[in-house]
Amino acid sequence: MPNISNRAQHMPPSPVRKLVPFALKAKQKGIKVYHLNIGQPDIETPETALDALKNIDLKVLEYALSEGNIEYRKALTEYYHSLGFEDLTPDNFIVTNGGSEALNFAISTLCDDGDEVIIPEPYYANYNGFTSTFNVNVVAVPSTIDTGFALPPIEEFEKKITDKTRAIIICNPGNPTGYLYTREELQKLADIAVKHDIVIISDEVYREYVYDGKQQISMFAFPELSENCIIIDSESKRYSMCGVRIGCLITRSKKIHDAAMLFAQARLSPVLLGQIAATAAHQNDGAYIRAVREEYTHRRNVLVDLLNAIPGVICPKPKGAFYCVAELPVDDTEKFAQWLLETYSNHGETIMVAPAGGFYSNPELGKKQVRIAYVLKEEDLKRSVAILKDALEKYKLEFNL
């Protein structure tokens with residue numbers, strides 16, 4: 001038998017996907033499963049993107065440039081100019097196979113074995129996988145549900161900084177919490193990055209989807225970070241085109257850019273067809289973004305209000321993205337989520353949620369929490385919450401809680 005690497009053995013499972021086998025078995029038994037566990041929107045992809053794919057007039061599907069084709073990087077540059085960052089040029093962008101590869105490039109560019117990145121938690125679970133791949137240690141700074149998962153006190157970050165610290169990673173607005181950082185919070189992070197000469201890696205893939213008249217503040221808005229900032233972006237959630245696998249790494253630092261390009265060249269090329277679709281999606285997209293934002297606002301309001309009406313459930317109202325973290329009156333959401341798929345059904349239906357333990361460095365902190373994605377239409381969200389309410393009552397009876 002071949003040996004399996006220590007790296008593979010220590011690779012953490014995805015809290016979003018590891019319950020998939022139980023969901024498949026439930027479906028094989030004829031049970032309908034409402035997927036609240038994964039950020040796959042049911043929103044339609046823009047017609048411009050679909051038409052661009054349907055009407056490709058190429059004789060050869062060749063390699064794209066390692067940094068991304070110029071047509072797409074020009075589209076990205078114009079998009080960032082519209083956000084107010086007019087100093088950016090196509091040379092600031094490295095196109096990647098999804099935001100995931102951009103994060104891999106950022107971590108591998110900045111960190112060696114045993115180095116550290118600081119992340120406020122709960123955080124996007126795959127940050128664990130990205131860092132584990134490169135033997136980089138996550139140093140977590142916990143936020144709490146009672147503050148709506150606001151940025152922890154900056155003094156807590158200061159305490160965690162060592163000579164091994166290379167970056168602070170944030171997601172704004174946040175996955176899994178939907179929290180939207182304020183300018184004041186981001187300024188504190190910028191100050192500490194400059195003070196200690198570390199990099200802020202800001203994952204901004206949900207930038208468009210903020211609510212209640214709020215506005216997302218990019219880390220690019222802090223000029224003092226010109227050499228200390230990497231932005232991670234993606235088209236997956238912006239245009240509901242997760243399958244095209246197109247994202248980008250953006251930095252004003254030529255030193256970081258040139259180092260990251262070595263990794264881009266080593267993997268040869270980002271997806272050609274994805275770049276064609278993404279370039280088209282950026283054309284006249286204002287009406288699309290506004291309509292989708294309005295739809296997510298409505299879904300958020302429906303879901304969160306219904307969740308908070310269930311006795312014992314606590315769910316802060318997120319200001320962005322399309323996720324919320326809810327605390328449930330159960331002993332263990334891992335056990336509860338599996339029970340929902342293995343044992344429980346309501347008129348032949350059940351729900352799939354993501355236990356929040358996997359979004360923490362210490363799973364105990366999320367033991368009673370779940371992440372729920374409001375990527376389903378209103379009637380499905382209402383039905384899902386009705387199922388959850390009934391399931392919680394039956395779970396308490398079955399396990400004497």
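Positions within a chain are numbered from 1, following the residues in the order the chain's sequence is written. Since the coordinates come from a predicted model, pLDDT governs what is reported: local features require at least 70, and pairs of side-chain atoms require 80 or more to be given and counted, while whole-chain, interface and lining totals use all residues. To obtain the side-chain values, all non-hydrogen atoms of the structure were used and water was disregarded.

**A word on the packing of helix α3 (residues 47-54) against helix α10 (residues 272-281)**
Part 1: Across the interface, α3 lies against α10 with an axial gap of 7 Å and an inter-helix angle of 140°. Viewed along their axes, α3 and α10 adopt a mutual orientation that is oblique. Our pair here, α3 against α10, has a crossing hand that is right-handed. Residue-level inspection shows T48, A49, A52 and L53 of α3 in contact with α10, the latter providing L273, I276, A277, A280 and A281.
Part 2: Gly is put with the polar residues, along with every residue not named as nonpolar or charged; the nonpolar set is Ala, Val, Leu, Ile, Met, Phe, Trp, Tyr, Cys and Pro, and the charged set is Asp, Glu, Lys and Arg. Its residues placed into classes, the contact of α3 with α10 shows eight nonpolar, one polar and no charged. Only the stretch in contact is used when a helix axis is fitted, and all axes are lines through C-alpha atoms; the angle between N-to-C directions ranges over 0 to 180 degrees. Helix numbers and strand numbers start at the N terminus; a helix is a DSSP run of H or I with at least 4 residues, a strand a run of E with at least 2. By definition in this entry, angles of less than 35 degrees are roughly parallel, angles greater than 145 are roughly antiparallel, angles of 65 to 115 are roughly perpendicular, and the rest are oblique. When the near helix sits turned anticlockwise from the far one by under a right angle, the crossing is termed left-handed; a clockwise turn instead gives a right-handed crossing. Residue contacts are defined here by distance: any two heavy atoms, one from each residue, within 4.5 Å place the two residues in contact.

**Digging into helix α4 (residues 70-82)**
Part 1: Working rule for helices: expected span equals 1.5 Å times residues minus one. With 13 residues, α4 should reach 18 Å at 1.5 Å per residue; the first-to-last C-alpha distance of 18 Å fits that figure.
Part 2: The buried label applies to any residue whose accessible area, calculated with a 1.4 Å probe on protein chains only, is under 20% of its type's maximum; exposed applies above 50%, and partly exposed to all values in between. Among the residues of α4, Y72, R73, A75, L76, T77, Y79 and Y80 are the ones counted as buried.
Part 3: Of the surrounding elements, those touching the buried residues of α4 are β2 (93-96), β7 (229-234), β8 (247-250) and α10.
Part 4: One or two positions beyond α4, positive phi appears at G84, with a value near 105°.

**Notes on the pattern of salt bridges**
Part 1: Take a side-chain nitrogen of Lys or Arg and a carboxyl oxygen of Asp or Glu: if they are within 4 Å of each other, that pair is a salt bridge. Summed over the entire model, instances satisfying the criterion amount to 20 salt bridges.
Part 2: The salt bridge partner of K159 is E156, with a shortest N-O separation of 3.0 Å. Taken as a pair, K159 and E156 lie in helix α7 (residues 154-160) at a separation of three residues, close to a single helical turn.
Part 3: Take E156: its relative accessible area is 29%, and that puts it in the partly exposed class.
Part 4: A network of salt bridges, in which partner residues are shared, links E204, R207, E208, D233, E235 and R238.

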